[in-house]
Amino acid sequence: GARRPPRTLHLPLLVNAGGERLAKRTGGLPVRELLGRGVPAEALLGVLAHAGGLATTPRPLALPEVVAAAAARLPALLRGEQALPEVARVPDALLG
């Protein structure tokens, strides 16, 4: 039979509090550098999960919590019943 095309989701564009895009080529900090500066991985995951609509607050989250939240929302996202934000702001406090 014919194969169904893959379903895709576009994650939000991450921006700082001033609305500037976070990217290495525009001076954004790589995750590795944030971790090297002492930002706990759980804090980074929590902020990103919140920015992406997977958490109600930007509190620290363990990876299994983020995966569970994503898995819970995935069916509705794929059916188009829910949407991820187009832009997600990352607090400047996290960016150093």
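See the structure shown above.
To keep things clear, this report deals only with the structure shown in the data block. Because the structure is a prediction, the values reported are computed rather than measured.

Quick notes on the rules
- Residues numbered from 1 in each chain as written.
- Predicted model: local features only at pLDDT ≥ 70, side-chain atom pairs only at ≥ 80, totals over all residues.
- Heavy atoms only, no water.
- Helix = DSSP H or I, 4+ residues; strand = E, 2+ residues; numbered from the N terminus.
- Buried < 20%, exposed > 50% of the residue type's maximum accessible area, 1.4 Å probe, protein only.
- Contact = heavy atoms within 4.5 Å.
- Core = buried A, V, L, I, M, F, W, Y, C linked by side-chain atoms within 4.5 Å.
- Salt bridge = Lys/Arg side-chain N within 4 Å of Asp/Glu carboxyl O.
- Patch = residues over 30% accessible without salt bridge, like charges linked within 9 Å, V, L, I, M, F, W, Y side chains within 5 Å.
- Areas by Shrake-Rupley, 256 points an atom, 1.4 Å probe, with all protein chains shown as cover.

Remarks on the overall build of the protein
Moving on, step 1. Helices and strands together make up the secondary structure of the protein, namely four helices and two strands.
Moving on, step 2. Taken from the N to the C terminus, the helices and strands of the protein come in the order β-α-α-α-β-α.
Moving on, step 3. Seen through its C-alpha atoms, the protein measures out along the principal axes to roughly 50 × 30 × 20 Å.
Moving on, step 4. Per-residue burial for the protein yields a buried fraction of 27% across its 96 residues.
Moving on, step 5. Pairs at least 24 apart in sequence give 53% of the contacts found in the protein among residues at least 6 apart.

A look at the nonpolar core
Moving on, step 1. Core analysis: the largest hydrophobic core is formed by seven residues, namely Leu34, Val39, Ala43, Leu44, Val47, Val90 and Leu94.
Moving on, step 2. Top contributing element to this core by residue count: helix α2 (residues 41-51), with three residues.
Moving on, step 3. Among residues more than four places away in sequence, those in contact with leucine 94 are Leu34, Val39, Leu44 and Val47.

Comments concerning the pattern of salt bridges
Opposite charge on two side chains allows them to pair when their charged atoms are near.
Moving on, step 1. The full count for this structure, using the stated rule, is three salt bridges.
Moving on, step 2. Notably, a salt bridge pairs glutamate 65 with arginine 59, separated by 3.7 Å at the nearest N-O pair.
Moving on, step 3. The exposure class of glutamate 65 is partly exposed, given its relative accessible area of 37%.
Moving on, step 4. By relative accessible area, which is 44% here, arginine 59 ends up partly exposed.
Moving on, step 5. Here glutamate 81 ties to arginine 79 by a salt bridge, and the two come within 2.8 Å at their closest N and O atoms. Each member of the pair glutamate 81 and arginine 79 is classed as exposed.

Some words on α2
Moving on, step 1. The set of residues buried in α2 consists of Ala43, Leu44, Gly46, Val47, Ala49 and Ala51.
Moving on, step 2. Phi turns positive one or two residues past the end of α2, at glycine 53, with a value near 80 degrees.

Comments concerning the environment of threonine 26
Moving on, step 1. Tracing the backbone shows threonine 26 in the loop between β1 (13-15) and α1 (31-36).
Moving on, step 2. Classification of threonine 26 by relative accessible area gives partly exposed; the value is 49%.
Moving on, step 3. In this structure the C-alpha to C-alpha distance between threonine 26 and threonine 56, which are 30 residues apart in sequence, comes to 29 Å.

Overview of a nonpolar patch on the surface
Moving on, step 1. A contiguous nonpolar patch, built from Leu9, Leu74 and Leu78 and spanning about 210 Å² of accessible area, is present on the exposed surface.
Moving on, step 2. Following the sequence through the fold, leucine 9 ends up in the segment before β1.

A word on the side chain of arginine 73
Moving on, step 1. Checked against the element boundaries, arginine 73 lands in helix α3 (residues 63-78).
Moving on, step 2. When neighbours within four sequence positions are excluded, arginine 73 is seen to be in contact with Gly52, Gly53, Leu54, Gln82, Ala83 and Leu84.

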